[in-house]
Amino acid sequence: ALQCMTAWLSVNTERSRGASAPDTSAPASPSLTATAPADVAAQIALLCRKSHAFSLVLRALKMFDPESPLVDFVKFHRAFVQCRFQSCRDHLRRFVRRRNAESKQTGGSQSKEPYCLQLVPYVTQLSEEMVQYLLDGFPRARMMLLSALDQANFSPHYSHLFRSFRLIQQTGLDVDFRMPAWELLQLLISRKMFAEAREWARSSGIVSDTIVFEEVTGMIVEFRQGVWWNVLDERLHLWHKCYDAFLQQSYPPVGAALFFLDITSKLEPDLFAREQLMLLCIAFELMGSREEGSSGAEPHATSQASTPPAPGREQLSRIKLSMLLILTGTNKDLTAELDFAPLDLSYGTLQTLVHRIPEGVAALPLYHHTEPSGGGGAAGAGGAGGGSSSASSLPMWAASGGGGGGGGGTSTASTTALVSDQRGPRSELLPYLDTAISSLINCDEISWARQLAEGFEFQSADLKLAMALETVASGQLQEALCDFLAGPHLPPIDPAIVEAAQEGDVEQLLRALSAQCSPGISLFCRRRMVCFTVSRTIGMDYSTVSQIDVGELLDRLLSPQPHLSDIALCRSLLSCYPRPLNKVALAEVLANRFVRSTVGPDGTHREWAEHDLDEFVSLLGSSQEKLGNAALCQIPDFRSADGGCGAGEGRPTPPPPRHSTEDDTSKKEGLPLECEVEVLIMAYHAYVQACSERCIGELLRFLRARAVVYVEERRFALLVRLLGAIPEYHA
């Protein structure tokens, strides 16, 4: 059949020329003996290319090889040359479908194919050669040809060329669509076509890490050259956009973290403390997420650079200490607002706190600057003008070791190490360290203060004194003396005071140690002395007093009778805490203790003197209104008349359970009228000190209603008591 088809094609080709002059460009008729499959395929290709003899070829295939997939391909060729593109797509799709299906069925075996011209390799090779001929010979129809090849899944190579051709047309690039994929990607990046570059990298199977790296670097370069660089809030927004870009594009976390650390190092002279904090926080967040996911997830591969080594716990700890130093060293009041159980320095938390850092504070000098040693860094591209910058500074807190960001062949962030011959913090950092350690000590976070001092190799006399105070007050005198005497640059203690402490009088030693402390930790010293006094007053161990809730301490100090208690000590206790106290809970404690004090042990009722009431009410400082509300909540009739203690503006919500374990039946069953009157008088004093006219008016309206009850019960003495204690009552 193959010989017959060859002879038929040769004869009809000669016949079609007729009597015309010989055409040297026409294909020569092969001899009848040239019947090799490769020669037949070449003859068909020449007839289609040179003579466009599609009808002749199709008739030959219909007679001698009617089931061959080559029929669909020749029809595709004819339809394309005739610009019938929809028809050419259909024929090409059928050819590819049959080619793929029969290739799978035969499994590469040629003996099972019933065709004159075998599918593999002759028909497939012929189709690829003809497609390449059409691609080169019809430049104006390349888009249609490549689109048809892509839709039919002719081969991955031509689908890639189609995407390349379409991208070049859409972006207006003047380049050859056959250029290597990596070169086209670099061209798109250089033109700042990052969205197109990401799509091209995805479709071409190229790791796209380098794209977002260059995009972020370009953002920083462009922003630094603009006028908004001088606006701090806009710079914070820039770092947030960079962080968000790395997250959205799934950039390797370690590489992104090192990028931000390098930015922090290279731009330190130009940064403010606010943005330095957020840059470190971003790096810490990225490194933390990498550490959490390192156990189960495979490392993110990069195109030309290996993934940098995962950060160690030591490096994470140093970054955490640096963030803590910026927060507490620039604004000591922020320490009381931090959550230390555990320490929460997440990105979301610091976004709410960063604006509490004074705006004009420059970045803290966390780095030891060294001579340039060559080599660009990630932040080098972020420098003015976009030039590369050498590693000119070393972070004091960075762990030693190498590694680069997974930038895919671009400039990478560098890890840096502590300079071995330069120990201790820079002199410019000392005021911040002193403020941070003092504020941590004042908030009873001595362990964090110690970590901060050790992390920055800072010798803090206040820290030594605070630790000695805590140890002495806890009863560990010898240990405290050994640690204290071992500390450098500390003034000596009077031997007589030490001897008295060894004999049991440690209060003098505590006062001597407190006197040596700086004013920065005066609140801590006062609290230690107050807790020590409280422990002796209530007969409780100091270590327990220092750990117990302030509400329970207050309740114990006021029992059994508040008017006989040391109100000055109670006031000192409430004033020596750095963090805001729960005034509603304290008001509940005071109100409960006051109610119990109005009933004597023998069932008699006690009347409070006016000056005692004023001292008792003043314990809550400026929150006396809460004490009045808590006191009135003890009266069931007032709760029902007022719609509940939580009704109305300024009314407290239901208070938490109080710490006292004494019987509370009086509150459940209602107060005796004598106790009720004392509670009303105490609430009146609280509202007067709080200057709350609205609450005083509500109280007087309730008294007007209760006066009827007192008259009905013939308790005229109570009316006399109210007339004498509440001046407005007669009105």
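Further up the page is the structure itself.
Residues numbered from 1 in each chain as written. Predicted model: local features only at pLDDT ≥ 70, side-chain atom pairs only at ≥ 80, totals over all residues. Heavy atoms only, no water.

Q: Break down a nonpolar patch on the surface for me, citing the residues and quoting the values.
A: A contiguous nonpolar surface patch, about 320 Å² in accessible area, is contributed by Val 227, Trp 228 and Val 231. Relative to the helices and strands, Val 231 is located in the loop between α11 (209-224) and α12 (232-248). (Patch = residues over 30% accessible without salt bridge, like charges linked within 9 Å, V, L, I, M, F, W, Y side chains within 5 Å. Areas by Shrake-Rupley, 256 points an atom, 1.4 Å probe, with all protein chains shown as cover. Salt bridge = Lys/Arg side-chain N within 4 Å of Asp/Glu carboxyl O. Helix = DSSP H or I, 4+ residues; strand = E, 2+ residues; numbered from the N terminus.)

Q: I'd love a proper account of the pattern of salt bridges, names of residues and values included.
A: On inspection of all chains with the given rule, the structure shows 29 salt bridges. Residues Glu 676 and Arg 706 are paired through a salt bridge, measuring 2.8 Å at the closest nitrogen-oxygen approach. In this pair, Glu 676 is assigned in helix α32 (residues 673-689) and Arg 706 in helix α33 (residues 693-712), connecting sequence segments 30 residues apart. Looking at Glu 676, the relative accessible area reads 3%, which means it is buried. (Buried < 20%, exposed > 50% of the residue type's maximum accessible area, 1.4 Å probe, protein only.)

Q: Lay out the environment of Val 709 with the relevant residues and their values.
A: One can find Val 709 in helix α33. As for Val 709 and Leu 673, which are separated by 36 residues in sequence, their C-alpha atoms are 9.6 Å apart.

Q: Explain the nonpolar core to me, using residue names and the numbers behind them.
A: Trp 239 and Phe 260 are the most contacted members of the largest nonpolar core, which totals 159 residues. Setting aside anything within four residues of it in sequence, one finds Trp 239 in contact with Ile 220, Trp 229, Phe 260, Ile 263, Leu 267, Leu 271, Glu 275, Leu 279 and Ile 282. In this structure, Leu 47, Ala 60, Phe 76 and Leu 149 belong to the second largest nonpolar core, which totals 66 residues. (Core = buried A, V, L, I, M, F, W, Y, C linked by side-chain atoms within 4.5 Å. Contact = heavy atoms within 4.5 Å.)

Q: If you had to explain helix α9 (residues 181-190) to someone new, which residues and values would you point to?
A: One turn of the α-helix equals 3.6 residues, which is why residues spaced by three or four share an orientation. Within α9 the residues assigned to the buried category are Ala 181, Leu 184, Leu 185, Leu 187, Leu 188 and Ile 189. Buried residues belonging to α9 abut α8 (156-171), α10 (194-204) and α11. Lys 192 sits one or two residues past α9 and shows a positive phi near 60°.

Q: Kindly report on the packing of helix α6 (residues 119-137) against helix α7 (residues 142-151), identifying the contributing residues and their values.
A: At their nearest, the axes of α6 and α7 sit 9 Å apart, and the two run at 150° to each other. Our classification of the angle between α6 and α7 gives roughly antiparallel. Crossing of α6 over α7 shows left-handed handedness. Counting all contacts with α6, which are made through Val 131, Leu 134, Leu 135 and Asp 136, the residues of α7 involved are Arg 142, Leu 145, Leu 146 and Leu 149. Here the contact of α6 with α7 is composed, by residue class, of 6 nonpolar, no polar and 2 charged. (Axes fitted to C-alpha atoms, helices over the stretch in contact; angles between N-to-C directions. Parallel < 35°, antiparallel > 145°, perpendicular 65-115°, else oblique. Left-handed = near helix turned anticlockwise from the far one by under 90°. Nonpolar A, V, L, I, M, F, W, Y, C, P; charged D, E, K, R; others polar.)

Q: A description of the packing of aromatic side chains should follow, citing residues and the corresponding values.
A: Counting across every chain of the model gives 19 aromatic pairs. Each ring, one from Phe 223 and one from Trp 229, has its centre 6.0 Å from the other, and the planes form 70°; the classification is edge-to-face. In this structure, Phe 223 and Trp 229 share a single accessibility class: buried. Ring pairs connect the aromatic residues Phe 213, Phe 246, Tyr 251, Phe 259 and Phe 260, which therefore count as one cluster. In this arrangement the basic side chain of Arg 99 is found over the ring face of Phe 154, its NZ or CZ atom lying 5.0 Å from the centre. The ring of Trp 229 carries the charged tip of Arg 235 above its face, separated from the ring centre by 4.1 Å. (Phe/Tyr/Trp six-rings, centres within 6.5 Å; stacked < 30°, edge-to-face > 60°. Lys NZ or Arg CZ within 6 Å of the ring centre and 35° of its normal.)

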